[in-house]
2 protein chains.
Amino acid sequence: MKDTIVVGYGPCGISCAIYLRRYGNDVLVLGKDGGALEKVSNIENYYGISSISGPDLLKQGLKQAHSLGIEVRTREEVLSIEAIDGGFEVVTSVGRYPTRTVMLACGTSRNQWQLGKRFEGYGVSYCATCDGFLYRKKKVALVGSGALMKHELEVLKNLCPDVTVFTDGKPLEEEISPEVKVVPEKITELFGSEKLEGIRTESQSYDIDGCFVALGSASAFTFAKHLGMQTEGNRLVVDDHFQTNIPGIYAGGDTIGGLLQVSKAVSDGALAATAISQFLREKK
Amino acid sequence: MKDTIVVGYGPCGISCAIYLRRYGNDVLVLGKDGGALEKVSNIENYYGISSISGPDLLKQGLKQAHSLGIEVRTREEVLSIEAIDGGFEVVTSVGRYPTRTVMLACGTSRNQWQLGKRFEGYGVSYCATCDGFLYRKKKVALVGSGALMKHELEVLKNLCPDVTVFTDGKPLEEEISPEVKVVPEKITELFGSEKLEGIRTESQSYDIDGCFVALGSASAFTFAKHLGMQTEGNRLVVDDHFQTNIPGIYAGGDTIGGLLQVSKAVSDGALAATAISQFLREKK
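Basis of the calculations
Residues numbered from 1 in each chain as written. Chains lettered and ligands numbered in written order. Predicted model: local features only at pLDDT ≥ 70, side-chain atom pairs only at ≥ 80, totals over all residues. Helix = DSSP H or I, 4+ residues; strand = E, 2+ residues; numbered from the N terminus. Rg over C-alpha atoms; globule rule 2.2 N^0.38 Å. Buried ≥ 20, exposed ≤ 12 C-beta atoms within 10 Å, placed from the backbone. Contact = placed C-beta atoms within 7 Å. Least-squares fit on C-alpha atoms with pLDDT ≥ 70 in both. Domains from an automatic or database assignment. Nonpolar A, V, L, I, M, F, W, Y, C, P; charged D, E, K, R; others polar. Axes fitted to C-alpha atoms, helices over the stretch in contact; angles between N-to-C directions. Parallel < 35°, antiparallel > 145°, perpendicular 65-115°, else oblique. Left-handed = near helix turned anticlockwise from the far one by under 90°. Core = buried A, V, L, I, M, F, W, Y, C linked by C-beta atoms within 7 Å. Pairing = 2+ DSSP bridges. Expected span 1.5 Å × (residues − 1).

A.B. asks: Please explain the overall build of chain A as it appears in this structure.
C.D. replies: Counting its secondary structure elements, chain A contains 6 helices and 17 strands. Relative to its length of 284 residues, chain A is compact, with a C-alpha radius of gyration of 20 Å against a globular reference of 19 Å. Overall size of chain A, expressed as C-alpha extent along the three principal axes, is 55 × 45 × 35 Å. Looking at the 284 residues of chain A, the share that counts as buried comes to 48%. Taking all contacts inside chain A whose residues are at least 6 apart in sequence as the whole, residues at least 24 apart take part in 61%.

Next comes the structure, spelled out in structure tokens:
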């Protein structure tokens, strides 16, 4: 069991891992990509580095982590985080990792689906593990096309015999079992009076009882929905010690909002590591 | 009149100046030296830079500020900050600079004098401008040997005819007028029953009514005493926007305590700049 798994290898995640390692903890960093920084062509306002591109800064951070002996897996998408005895299990596209604590440094929370907002809690869910049971023997839709969708599908299939995957116009990124129906069209509307009753695509209407949303990659928003973490608009809510309302789960950087800057993300990582270290010491 | 004068050119000060400049403000950075970082031989935990010495990081920060057109005066000790109409006047060893706002990024607050603690407010003062008037026609001691002492002496001389400078065993760094008595010995004790009554040095006792402390260089502690800023132990107290209890005076980095690390100082600077910019916009 790891002491901490850091989700995200941007400035906040790597800074956190550096401090955790320096404090003597066993840490693993997992992430799918470099997030928002990958698209930044020039950073001039990060103290100590006059000018650098986002991708180069990410590269330097990974090199630095490596030189301190920190394990970073950069092509491993985290799909879900589950509570287990004594901590959490982080589920990726590759495996499952038990850990005492989790640091969410995975950038801006996404995945909230505008079309589904009206029916959230009334037929629309972001967590198959949490709500799949409510739709036993019912017709459910699963919206998504990538690894997150496939992960939710595996969970749903055991609970609901009638699952249809709606890719919302995107090509399927993952191979799924051929008996699952796939609707590759763009979704235009969710309808129903009080509760969700169906989905309309460009060409057709489908009667459904429940709709599970697994669009794009898993984000802090997804994990929040899976674990019952408090969110405020787009951001995860943390206390003064960067801890979410779930003890042992911390967050920092863009994930918790505020100034969306490298400097603040780096500091959040260092401060969160200090708090996590304290938490781990008290538990041991 | 400047928009902001930043006191200190370490990571917090320069980061703050970079952001202030980027927000379109007219900023000047003043400082005497690089503070604590000057003695650090190797930093490995600041994200994006695998390994660097404190002096080299300071140099890189100055170069970065220069490349963004920020004026930094690195050999100019700030001696005092005074409230004036519409803002503040920052007094250095070289001149006086009016400014709308001040950012204190001058490292750990020092200057509190253990020997004098017992009589603070009862004969011991850290501000000639504030308390000199209370000692008109009385015998006062001024403790110190550098530019801060000389600055306080200029103020005191106009109020108290009988000033003796105690260097506490240090050589005088500044030339002062020959009519001022100088005791170059180490101070061993301050005595008195309720109020301060005298100073004892290694060889002699001196009856005095008041003692002004101006040891070392001016620090955030000095400015706090001069302006009535709230302190807590060794640190300046600021609100969520890095503002002290004096509107228009902000502080960050080691000056406000917490994690004494480059990453946190850099973030404090960026966040304070954002708040200062907001403050300036509201005033204009």
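Alright, that's what it looks like, and here's the rest.
A.B. asks: Could you clarify how one ought to interpret the relation of the copies chain A and chain B in this entry?
C.D. replies: Mapping chain A onto chain B is achieved by rotating through 180° and translating by 0.0 Å along the same axis, at an RMSD of 0.0 Å. Interpreted geometrically, this transformation is the action of a two-fold axis. When C-alpha distances to the rotation axis are compared across chain A, the minimum falls at A:Ser267, with a value of 3.0 Å.

A.B. asks: Sorry if this is basic, but what is going on with the domain arrangement of chain A here?
C.D. replies: The parts lose accessible area when they come together, and the size of an interface is often stated as this lost area. Residues and elements named next belong to chain A. Its domain assignment divides chain A into domain 1 (2–110 + 218–283) and domain 2 (114–213). The centre of domain 1, based on its C-alpha atoms, is set 29 Å off from the matching centre of domain 2. The partner domain 2 presents 7 residues to the 9 residues of domain 1 that form the contact. Broken down by secondary-structure element, the contributors of at least two residues to the side of domain 1 that touches domain 2 are strand S4 (78–84) and helix H5 (220–227). Element by element, the count of residues in the side of domain 1 that touches domain 2 is highest for H5, at 3 residues. Tallied by class, the residues present in the side of domain 1 that touches domain 2 amount to 3 nonpolar, 4 polar and 2 charged.

A.B. asks: What is the right way to look at the packing of helix H6 (residues 262–283) of chain A against helix H6 (residues 262–283) of chain B in this model?
C.D. replies: Any two packed helices are characterised by how steeply their axes cross, that is the angle between the axes, and by the distance between the axes. At a minimum axis distance of 8 Å, the contact between H6(A) and H6(B) shows a crossing angle of 135°. When the axis of H6(A) is compared with that of H6(B), the two are oblique. At the point where H6(A) passes H6(B), the crossing takes the left-handed sense. Across the interface between the two elements, A:Ser263, A:Lys264, A:Val266, A:Ser267, A:Ala270 and A:Leu271 of H6(A) pack against B:Ser263, B:Lys264, B:Val266, B:Ser267, B:Ala270 and B:Leu271 of H6(B). Class assignment of the residues belonging to the contact of H6(A) with H6(B) gives a composition of 6 nonpolar, 4 polar and 2 charged.

A.B. asks: I keep staring at the nonpolar core and nothing clicks. Help me out?
C.D. replies: A general feature of soluble globular proteins is that nonpolar side chains tend to end up buried together. Membership of the largest hydrophobic core comes to 160 residues, with the highest contact counts inside it found for A:Leu104, A:Leu142, A:Cys211, B:Leu104, B:Leu142 and B:Cys211. Apart from residues lying up to four places away in sequence, A:Cys211 is in contact with A:Gly116, A:Gly123, A:Val124, A:Val140, A:Ala141, A:Val143, A:Leu190, A:Leu196 and A:Ile199.

A.B. asks: How do you make sense of the sheet that holds strand S12 (residues 198–201) of chain A when you look at a structure like this?
C.D. replies: The pairing of strands in a sheet happens through backbone hydrogen bonds and is either parallel or antiparallel. Residue and element names in this part refer to chain A. A sheet is described by the order of its strands in space; here 3 strands give the open sequence S11-S12-S13, paired in antiparallel fashion. Strands at the two margins of the open sheet, each flanked by one partner only, are strand S11 (187–191) and strand S13 (205–207). Going across the sheet, the axis of each strand differs from the next one's by a mean of 20°, ignoring polarity. Note: S11 against S12, 4 bridges, orientation antiparallel. The partner of Glu189 across the bridge, within S12, is Arg200.

A.B. asks: For this particular structure, what's the right way to read the interface of chain A and chain B?
C.D. replies: Counting from both sides, the interface comprises 29 residues of chain A and, opposite them, 29 residues of chain B. Counted by class, the side of chain A that touches chain B contains 13 nonpolar, 12 polar and 4 charged residues.

A.B. asks: I would appreciate a short explanation of the packing of helix H1 (residues 11–22) of chain A against helix H2 (residues 54–67) of chain A in the present structure.
C.D. replies: Residue and element names in this part refer to chain A. Between H1 and H2, the shortest axis-to-axis distance is 10 Å and the interhelical angle comes to 15°. Here H1 is positioned roughly parallel relative to H2, judged by the angle of their axes. You can see that H1 and H2 cross each other, and the crossing is left-handed. In this structure, H1 contributes Pro11, Ile14, Ala17 and Ile18 to the contact, and H2 contributes Gly61, Gln64 and Ala65. Across the contact of H1 with H2, the residue classes break down as 5 nonpolar, 2 polar and no charged.

A.B. asks: In this structure, what is going on with the sheet that holds strand S14 (residues 210–213) of chain B? I would like to understand it.
C.D. replies: All names here are of chain B. Read from one edge of the open sheet, 5 strands run S7-S14-S8-S9-S10, paired in parallel fashion. Two strands lie at the open edges of the sheet, namely strand S7 (124–125) and strand S10 (181–183), each paired on one side alone. The pairing of strand S8 (residues 139–143) with S14 spans 4 bridges and is parallel. Each bridged residue has a counterpart across the sheet, and for Leu142 the counterpart in S14 is Phe212.

A.B. asks: Even after reading the chapter, I still don't get helix H1 (residues 11–22) of chain B, so can you show me in this structure?
C.D. replies: An α-helix turns once per 3.6 residues; consequently, residues spaced three or four apart project the same way. Helix length check: H1(B) (12 residues) gives 16 Å between terminal C-alpha atoms against 16 Å at 1.5 Å per residue, within 8%. Judged by how many residues are buried, H1(B) sits mostly within the fold: 11 of 12 residues are covered. Along H1(B), the residues that are buried comprise B:Pro11, B:Cys12, B:Gly13, B:Ile14, B:Ser15, B:Cys16, B:Ala17, B:Ile18, B:Tyr19, B:Leu20 and B:Arg21. Close packing links the buried residues of H1(B) with H6 of chain A together with strand S1 (2–7), strand S2 (27–30), helix H2 (54–67), strand S6 (96–104) and H6 of chain B. Directly beyond the C-terminal end of H1(B), a positive phi value near 90° is found at B:Gly24.

A.B. asks: Would you take a moment to explain the pairing of S4(A) for this structure?
C.D. replies: Along any regular strand, the residues point their side chains to alternate faces of the sheet. Residues and elements named next belong to chain A. Sheet topology places S4 next to strand S5 (residues 87–92); 6 bridges connect them, and they run antiparallel. Looking across to S5, one finds that Val78 is bridged to Thr92. Linking S4 back to S5 in an antiparallel pair, the connection comprises 2 residues, with Gly86 at a positive phi of about 80°.

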